[in-house]
Amino acid sequence: MSSLPSAITQGLDGDEGGMTYLQRLPRRVVTVYLPLAVFVFVLLFPFYWMAITAIKPNDELTDYQNFSPFWVVRPTFDHIRYLMLETSYPGWLLNTILISVAATILSLIASVFAAYAIERLRFQGARVTGLAIFLAYLVPPSILFIPLAVMVFNLGLYDTRFALILTYPTFLVPFCTWLLMGYFRSIPYELEECALIDGANRWQILTKIVLPLSIPGLISAGIFAFTLSWNEFIYALTFIQSSENKTVPVGVLTELVRSDVYEWGALMAGALIGSLPVVILYSFFVEHYVSSMTGAVKE
Amino acid sequence: MTDVTSPALRHDDSSLLRSLHNSRGALGFLFMLPAAILLLLFLTYPLGLGVWLGFTDERIGRSGVFIGLENYAYLWDDNVFWLAVFNTLLYTSVASVLKFGLGLWLALILNERLPFKAFFRAIVLLPWVVPTVLSAIAFWWIFDAQFSIISWALERIGLIDTPINFLGDPTNARASVIAANVWRGIPFVAITLLAGLQTISPSLYEAATLDGATPWQRFRFVTFPLLTPIIAIVMTFSVLFTFTDFQLIYVLTRGGPVNATHLMATLSFQRGISGGNLGEGAAIAVAMIPFLMAAILFSYFGLQRRRWQQGGSD
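Residues numbered from 1 in each chain as written. Chains lettered and ligands numbered in written order. Predicted model: local features only at pLDDT ≥ 70, side-chain atom pairs only at ≥ 80, totals over all residues.

### Some words on the overall build of chain B
- A tally of regular secondary structure across chain B gives 15 helices and zero strands.
- The buried share of chain B, reckoned over its 314 residues, is 41%.
- Summarising the internal contacts of chain B: among those between residues at least 6 apart in sequence, 66% fall at separations of at least 24. (Helix = DSSP H or I, 4+ residues; strand = E, 2+ residues; numbered from the N terminus. Buried ≥ 20, exposed ≤ 12 C-beta atoms within 10 Å, placed from the backbone. Contact = placed C-beta atoms within 7 Å.)

Here is the structure:
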């Protein structure tokens, strides 16, 4: 299904808004362009504010009398330098990358097999299993973190990266499986039948036919899972204690915020740099993102 | 693809393996194994363990004993817990209504013929892509009591005289966290509804226009009915994620001032992890389940309706 909507929308592209010529320009300015401008301004302003604060010297930061807060007179890299050289920030970045990549790969492998089994092997109880996977997707981390903390502690994983690598799949596997099920469904069954007749076994069908055809689906699931792991907070906050094992969101919030003085410049620089990897990834794969987001909801 | 049709594929497995390959049940079981182990171990089991912990007095560093409904009895008489329930319902309902209204509006705008449409669609999704905690930190700075940019701008226009105490006053704090949540939630609603809008054939609008339908009638009698199934699903997800929200509150207010913004999830964390009362924290988390079940049932009936609308086929 996830490839189908985009195919439909592309088909309609030349046709959509076919009656807009009936509307006069001034009317369109009020009904379309003005609201759109307000939406874009509100949605993007926090990012601008984050970026401009990150490069403001401290004396301009809180002096709204002599400097316009919307601009910076003498941009500085002091905050970024402080962040990179005098805090554990580079280590947090490395941790986040490591944990996100490992959790994503683990989840993708488990999900490919599960989705193929549910969607194509159609073993007994496949429908029920599919429904169970969907229900698992609806279980929020907020009700799991306390029992998981007890488990993580009893397993001796407390304050290790493995605690996060093993628990992130709880929300990644249901999501990826659900997405890939929809993707596998769009591959014609006849291709597999041909291969079966030619003597291929299930493993060969999966690796030589289904997987090569579902590379876009795998990319969608992969980058989405990576982003979800990158953004995860409550498990990382609960299971990690020492500074050197923290991820970026937890590190920025718990280590850069000191009780008395807020280092707003460094905080904003930390938020900005921590957001960049996912934003860059997103900018390369916008279509995959949109299709995985809408695909997950549509089925 | 060529090597599939060629006879190059060998088939020299042992007979045991071959019978495995031909048995759907056995192979299905094998393929399900990795996902099943991960989910049973780290999702199903903790879910059960959480319910069990709710009936014990377990603390950090000390295993607990069964104490029946004592945790729930304590919470029943706890004003802070009921305040958190009220806050969660208020937060969820207000934020969801705003997200739905604004998201649908944005989706309708983006569905118009626009220059740089793909660019706008990509940009609009940004708040949703960026880690919530990091954008919440930006909002923390925007909502600063002294140096808030909003206060500064309003003072310059002349609407207010003193800076707004965004996060220090109970009412303001509630409005502020809801605003930040709505900011982050609009893109998800807008982009998914836009995908739904794009599947509606323009010829339906043309036909309605020829029949003399006004823009409002076209929306009410063409767009809205066709969009209902996807609205039901999107809003279920939105309600679910808003109801169990933790990160935004934890960054912006930690539940303050005077517990005015404590949600059930943040209260559960405060009592369970920070306070060390794992049993009580688990009981608060379990108390969220009935609400979540209601949301899931709502989603189920949303799906049912879709099947019915499509004439029983899906």
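Structure shown, so let's carry the discussion forward.
### Here's the deal with the nonpolar core
- The biggest cluster of nonpolar side chains holds 162 residues, and the ones touching the most others in it are Tyr 116 and Met 268 of chain A together with Ile 137, Ala 190 and Leu 252 of chain B.
- Among the elements that make up this core, the one with the highest residue count is helix H10 (residues 170-197) of chain B (15 residues).
- Residues in contact with Leu 252 of chain B, not counting those within four places in the same chain, are Ala 136, Phe 139, Trp 140, Leu 167, Ser 176, Val 177 and Ala 180 of chain B. (Core = buried A, V, L, I, M, F, W, Y, C linked by C-beta atoms within 7 Å.)

### Looking at the interface of chain A and chain B
- On the side of chain B, 79 residues touch chain A, which itself brings 90 residues to the contact.
- For the side of chain A that touches chain B, the element with the highest residue contribution is helix H2 (residues 25-54) of chain A, accounting for twelve residues.
- By residue class, the composition of the side of chain A that touches chain B is 62 nonpolar, 22 polar and six charged. (Nonpolar A, V, L, I, M, F, W, Y, C, P; charged D, E, K, R; others polar.)

### Notes on the environment of Ser 220 of chain A
Residue and element names in this part refer to chain A.
- Relative to the helices and strands, Ser 220 resides in helix H12 (residues 215-231).
- Overall, the presence of 27 C-beta atoms within 10 Å leaves Ser 220 in the buried class.
- The spacing of Ser 220 and Tyr 116 is 104 residues in sequence and 16 Å in space, taken between C-alpha atoms.

### Here we look at the packing of H12 of chain A against helix H15 (residues 264-284) of chain A
Residue and element names in this part refer to chain A.
- Two elements in contact, H12 and H15, have axes separated by 11 Å at closest approach and are oriented at 165 degrees. Taken together, H12 and H15 sit at an angle that is classed as roughly antiparallel. Between H12 and H15 lies a crossing whose hand is left-handed. On the side of H12, the interface is formed by Ile 223, Phe 226, Thr 227 and Trp 230, while H15 contributes Pro 277, Val 278 and Leu 281.
- Per-class residue counts for the contact of H12 with H15 are six nonpolar, one polar and no charged. (Axes fitted to C-alpha atoms, helices over the stretch in contact; angles between N-to-C directions. Parallel < 35°, antiparallel > 145°, perpendicular 65-115°, else oblique. Left-handed = near helix turned anticlockwise from the far one by under 90°.)

### Focus: the environment of Arg 62 of chain B
- Of note, Arg 62 of chain B is situated in the loop between helix H3 (24-53) and helix H4 (70-76).
- A C-alpha to C-alpha distance of 9.8 Å links Arg 62 of chain B and Leu 278 of chain B, two positions 216 residues apart in sequence.

### Details of the domain arrangement of chain B
- Looking at the assigned domains, one finds that chain B contains domain 1 (12-53) and domain 2 (70-309).
- For domain 1 of chain B versus domain 2 of chain B, the distance between C-alpha centres works out to 36 Å. (Domains from an automatic or database assignment.)

### With respect to the domain arrangement of chain A
Residue and element names in this part refer to chain A.
- Along its sequence, chain A is organised into domain 1 (4-76) and domain 2 (82-298).
- Centre-to-centre separation of domain 1 and domain 2, based on C-alpha positions: 30 Å.
- Opposite the ten residues of domain 1 that make contact, domain 2 presents ten residues.
- If you list the elements that add at least two residues to the side of domain 1 that touches domain 2, you get helix H1 (4-12), H2 and helix H3 (58-61).
- In terms of residue count, the dominant contributor to the side of domain 1 that touches domain 2 is H2 (four residues).

### Considering the confidence of the model for chain A
- Confidence in the prediction of chain A, expressed as mean pLDDT, is 84, and 90% of residues score 70 or more.
- Between residues 1-16 of chain A, whose pLDDT stays under 50, and residues either more than four places distant or in other chains, the model counts 29 contacts. (pLDDT = per-residue confidence, 0-100.)

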